[in-house]
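One letter stands for each residue in the lines below.
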Amino acid sequence: VQLVESGGDLVQPGGSLRLSCAASGFTFSSYYMSWHRQAPGKEREWVAGITNLGFSTTYGDSVKGRFTISRDNAKNTVYLQMNSLKPEDTAVYFCNVRWNAREYWGQGTQVTVSS
């Protein structure tokens, strides 16, 4: 199982970014996928999740209404569209899959929101 995140950048408050997570090594379309983040000195926080076929999505309270999770099962990729970014969104963002009773994480992508 391999997860590779990309798309992180430095962005001004109020800006937008789209993160991508390319997955391989498992049947992507069969698994729930999620995004998490970890800010310096803080615990990792769940951000959003999406069911295997994309019919249902859920969000953490801190990002609800600003972030959108989606997936393209033909490309084995899950996305996180982030709008109206705030300085408190600054963190390393990770995608996650629970496969064969084990959690798998990518290496993360840095998002910095600052003027």
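Since we're looking at a predicted model, the values are computed, not measured.

**Side note on the nonpolar core**
Here's step 1: Ranked by size, the top nonpolar core spans 29 residues in total, and within it Leu3, Trp35, Val78, Leu80, Met82 and Tyr93 carry the most contacts.
Here's step 2: Elements supplying a minimum of two residues to this core: strand S3 (17–24), strand S4 (33–38), strand S5 (45–50), strand S7 (67–72), strand S8 (77–82), strand S9 (91–99) and strand S11 (109–113).
Here's step 3: Beyond its immediate chain neighbours, meaning those up to four positions away, Val78 contacts Leu19, Ser20, Cys21, Phe28, Met33, Trp35, Ile50, Ile69, Ser70, Arg71 and Cys95.

**Examining the state of the cysteines**
Here's step 1: Going through the model one piece at a time under the given rule, you end up with one disulfide.
Here's step 2: One disulfide in the model links Cys21 with Cys95; its S-S distance is 1.9 Å. Across the disulfide from Cys21 to Cys95, rotation about the S-S bond amounts to roughly 50°, and the bridge is consequently right-handed. Here Cys95 lies in strand S9 and Cys21 lies in strand S3, a separation of 74 residues in the sequence. Like Cys21, the residue Cys95 is buried in the burial classification.

**A closer look at the side chain of Ser20**
Here's step 1: Summarising the element assignment, Ser20 is placed in strand S3.
Here's step 2: For Ser20, a relative accessible area of 17% corresponds to the buried category.
Here's step 3: Apart from residues no more than four positions distant in its own chain, Ser20 is found in contact with Val4, Glu5, Ser6, Trp35, Thr77, Val78 and Tyr79.

**Concerning the sheet that holds S8**
Here's step 1: Ordered in space as S1-S3-S8-S7, the four strands form an open sheet in which the pairing is antiparallel. Of all the strands in the sheet, just strand S1 (2–6) and S7 have a single pairing partner and so form its edges. Taken over all neighbouring pairs, the strand axes of this sheet differ in orientation by 15° on average, direction set aside.
Here's step 2: For S7 and S8, the ladder comprises six bridges, and the chain directions are antiparallel. In the strand pairing of S8, Ser70 is matched with Tyr79.

**Some details on the environment of Arg66**
Here's step 1: Mapped onto the secondary structure, Arg66 falls in the loop between strand S6 (57–59) and S7.
Here's step 2: Not counting residues within four places of it along the chain, the set of residues in contact with Arg66 comprises Gln81, Met82, Asn83, Ser84, Leu85, Lys86 and Asp89.
Here's step 3: Reaching out from Arg66, the side chain makes a polar contact with the backbone oxygen of Ser62 at a distance of 2.8 Å.

Basis of the calculations
- Residues numbered from 1 in each chain as written.
- Predicted model: local features only at pLDDT ≥ 70, side-chain atom pairs only at ≥ 80, totals over all residues.
- Heavy atoms only, no water.
- Core = buried A, V, L, I, M, F, W, Y, C linked by side-chain atoms within 4.5 Å.
- Buried < 20%, exposed > 50% of the residue type's maximum accessible area, 1.4 Å probe, protein only.
- Helix = DSSP H or I, 4+ residues; strand = E, 2+ residues; numbered from the N terminus.
- Contact = heavy atoms within 4.5 Å.
- Disulfide = S-S within 2.5 Å.
- Pairing = 2+ DSSP bridges.
- Axes fitted to C-alpha atoms, helices over the stretch in contact; angles between N-to-C directions.
- Polar contact = N/O pair within 3.5 Å; in protein donor to acceptor, adjacent residues only side chain to side chain.

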